[in-house]
Amino acid sequence: MFRCSEVAERASRMIDGELDFWQRANMKLHLALCRGCRAFMAQLRKTKELTELVGAVGDPVPSENIQAALARRQRRSGKQI
């Protein structure tokens, strides 16, 4: 069975499905017994989900009001934004 530090080292690879059978089995055994590592894995999964969600949304386009305000500010300062 892996130690907590070994679980932390392999956590991302587990979530991405990149571990072999025995590594996965050792991870699952450790996670069944260790509440702290289960919480760590849950946080890592949530982080991955949110990161993928942000990537799917892309960069938002500012509204016309915001674009106009930025243009006014740029003209007043004489600088390029």
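Everything numeric here is computed off the predicted structure, so don't read it as measured data. (Residues numbered from 1 in each chain as written. Predicted model: local features only at pLDDT ≥ 70, side-chain atom pairs only at ≥ 80, totals over all residues. Heavy atoms only, no water.)

A. Representation of the pattern of salt bridges in the model. Considering all chains together, one arrives at four salt bridges under this definition. The partner of E9 in a salt bridge is R10, with the nearest N and O atoms 4.0 Å apart. Here the residues in one salt-bridge network are D16, K48 and E52, joined through shared partners. (Salt bridge = Lys/Arg side-chain N within 4 Å of Asp/Glu carboxyl O.)

B. Molecular detail of helix α1 (residues 4–15). An ideal rise of 1.5 Å per residue puts 16 Å on twelve residues; α1 measures up with 16 Å between its terminal C-alpha atoms. What α1 keeps buried is the set E6, V7, R10, A11, M14 and I15. For α1, the buried positions fall inside an angular range of 155° around the axis, keeping them on one side. Two residues or fewer past α1, G17 is found with a positive phi of approximately 75°. (Helix = DSSP H or I, 4+ residues; strand = E, 2+ residues; numbered from the N terminus. Expected span 1.5 Å × (residues − 1). Buried < 20%, exposed > 50% of the residue type's maximum accessible area, 1.4 Å probe, protein only. Arc of directions from axis to C-beta.)

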